[in-house]
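Structural overview for review
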Amino acid sequence: MTDRFDCYYCRDNLHGKKYVKKDEKHVCTKCFDKLCANTCAECRRPIGADSKELHHKNRFWHEDCFRCAKCYKPLASESFSARDDGKIMCGKCGSREDGNRCQGCYKVVMPGSKNVEYKNKMWHEECFTCFECKQPICTQSFLARGDDIYCAPCHEKKFAKKCFKCKQPITSGGISYQDQPWHSECFVCETCRKPLAGTRFTSHEEHVYCVDCYKTDVAKKCHGCKNPITGFGHGTNVVNYEGYAWHEYCFNCKKCSLSLANKRFVLNGELIYCPDCAKKL
């Protein structure tokens, strides 16, 4: 007499019958399908003893259910990727779904394709364009303004300071005078064109002059000493009266030389006198 070889659950004799060994227990196919079979992660039906089972990280599938969640390509013998949300994808769809997205068109930047990386962001090469002219930047230099990218010519045109004299952009260096920017080559004497950077100069009616040209061509002449009233150093204070101008230190009585600045005076012809001397004329 042979030993009995029974199903662990229903006690049916398994001699000459198909069975499954599960956790060191012998189980008939009927009991296996009912009590022991894993549930398919895709269709949620039991994976029977007659079905081919695939598993990955404690999850199980029928062979026919193990497909890409995007394109439905069978993956039993293909490479695949498992996403955090549980979806299984083929390599191509996984790259599209999980890959870096272009900041221009928001499509996936496929591995191996030409792209541009800047500040941990990525663009297709053809999508990395100037915000102003819309032309691809490719290998050109560029500058960023907030989240916008500009090619060098457009950035210069739009944002560079304009020279007060020629109104053209200042790309490097330059001079600031009275809160106005100038090209160093534009900051010259209005008369003789001498460069004024690092020298003494003055301005008159939005023009700048070297000291010599200002004295010769622009400055008023003192009615007393006939020298230019420049405002440089001694003689800064000026007295103006009826179209005439004097250095303050030249505004003296013609007869007694008394300083008449901030005092009463008499103009006789083109000469000035204190009231006492004027009475003796």
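First, a word on what this report is: a plain description of the structure on this page. (Residues numbered from 1 in each chain as written. Predicted model: local features only at pLDDT ≥ 70, side-chain atom pairs only at ≥ 80, totals over all residues. Heavy atoms only, no water.)

Concerning a nonpolar patch on the surface
Judged by side-chain polarity, Tyr8, Tyr9 and Leu35 come together as a nonpolar surface patch covering roughly 310 Å² of accessible area. By the element assignment, tyrosine 8 lies in the segment before strand S1 (19-22). Judged by its relative accessible area of 43%, tyrosine 8 is partly exposed. (Patch = residues over 30% accessible without salt bridge, like charges linked within 9 Å, V, L, I, M, F, W, Y side chains within 5 Å. Areas by Shrake-Rupley, 256 points an atom, 1.4 Å probe, with all protein chains shown as cover. Salt bridge = Lys/Arg side-chain N within 4 Å of Asp/Glu carboxyl O. Helix = DSSP H or I, 4+ residues; strand = E, 2+ residues; numbered from the N terminus. Buried < 20%, exposed > 50% of the residue type's maximum accessible area, 1.4 Å probe, protein only.)

Focus: the packing of aromatic side chains
Using the criterion set out here, one finds 19 aromatic pairs in the structure. Here tryptophan 61 and phenylalanine 66 contribute two aromatic rings whose centre-to-centre distance is 4.9 Å and whose plane-to-plane angle is 65°, an arrangement assigned as edge-to-face. Taking relative accessible area as the criterion, tryptophan 61 reaches 3% and is therefore assigned buried. Classification of phenylalanine 66 by relative accessible area gives buried; the value is 5%. Here the aromatic rings of phenylalanine 66 and phenylalanine 80 are separated by 5.1 Å at their centres, their planes lie at 85°, and the arrangement is edge-to-face. Placement of the pair is phenylalanine 66 in the loop between strand S4 (59-62) and strand S5 (80-82) and phenylalanine 80 in strand S5, with a sequence separation of 14 residues. By relative accessible area, phenylalanine 80 is classed as partly exposed at 33%. Connected via pairs of aromatic rings, a cluster forms that spans Phe164, Tyr177, Trp182, Phe187 and Phe201. The lysine or arginine in question, lysine 134, covers the ring of phenylalanine 131, its NZ or CZ lying 4.7 Å from the ring centre. (Phe/Tyr/Trp six-rings, centres within 6.5 Å; stacked < 30°, edge-to-face > 60°. Lys NZ or Arg CZ within 6 Å of the ring centre and 35° of its normal.)

Examining the layout of surface pockets
Considering only enclosed or pocket space, the largest pocket measures out at about 380 Å³ in volume. Looking at the largest pocket, it is lined by 18 residues, and the ones nearest its centre are Gln103, Trp123, Asp147, Asp148 and Ile149. Among the secondary structure elements, those contributing two or more residues to the lining of the largest pocket are strand S8 (121-124) and strand S10 (148-151). Each residue belonging to the lining of the largest pocket can be placed in one class, and the counts come to nine nonpolar, four polar and five charged. Within this model, the second largest pocket holds a volume of roughly 200 Å³. If you trace the second largest pocket, you find it lined by His223, Gly224, Lys226, Trp246, Cys250, Asn252, Cys253, Lys254, Ser257, Glu270, Leu271 and Ile272. In the lining of the second largest pocket, the residues fall into five nonpolar, four polar and three charged. (1 Å grid on protein atoms, 1.4 Å probe; cavity = no way out; pocket = protein on both sides within 12 Å on 5 of 7 lines; lining within 4 Å. Points joined across faces, edges and corners; volume = space filled by probe spheres on them. Nonpolar A, V, L, I, M, F, W, Y, C, P; charged D, E, K, R; others polar.)

Quick notes on the pairing of strand S3 (residues 53-56)
With four bridges connecting them, S3 and S4 associate as antiparallel partners. What sits directly across from histidine 55, in S4, is phenylalanine 60. (Pairing = 2+ DSSP bridges.)

Re the environment of valine 20
Among the secondary structure elements, valine 20 is positioned in strand S1. Expressed as a C-alpha distance, the spacing of valine 20 and cysteine 7, which sit 13 residues apart in the sequence, is 9.3 Å. Look past the residues within four positions of valine 20 in its chain and what remains in contact with it is Lys25, His26, Val27, Phe32 and Ala49. (Contact = heavy atoms within 4.5 Å.)

Focus: the side chain of histidine 223
Tracing the sequence through the fold places histidine 223 in the loop between helix H4 (211-218) and strand S15 (238-241). Residue histidine 223 is classed as buried on the basis of its relative accessible area of 13%. Look past the residues within four positions of histidine 223 in its chain and what remains in contact with it is Tyr244, Ala245, Trp246 and Glu270.

Considering the pairing of strand S2 (residues 25-28)
Relative to S2, S1 runs antiparallel, the two being bridged by four bridges. From the neighbouring strand, lysine 21 faces S2, where its bridge partner is histidine 26. Counted along the chain from S1 to the antiparallel partner S2, the turn is two residues long, and its residue aspartate 23 has a positive phi close to 50°.

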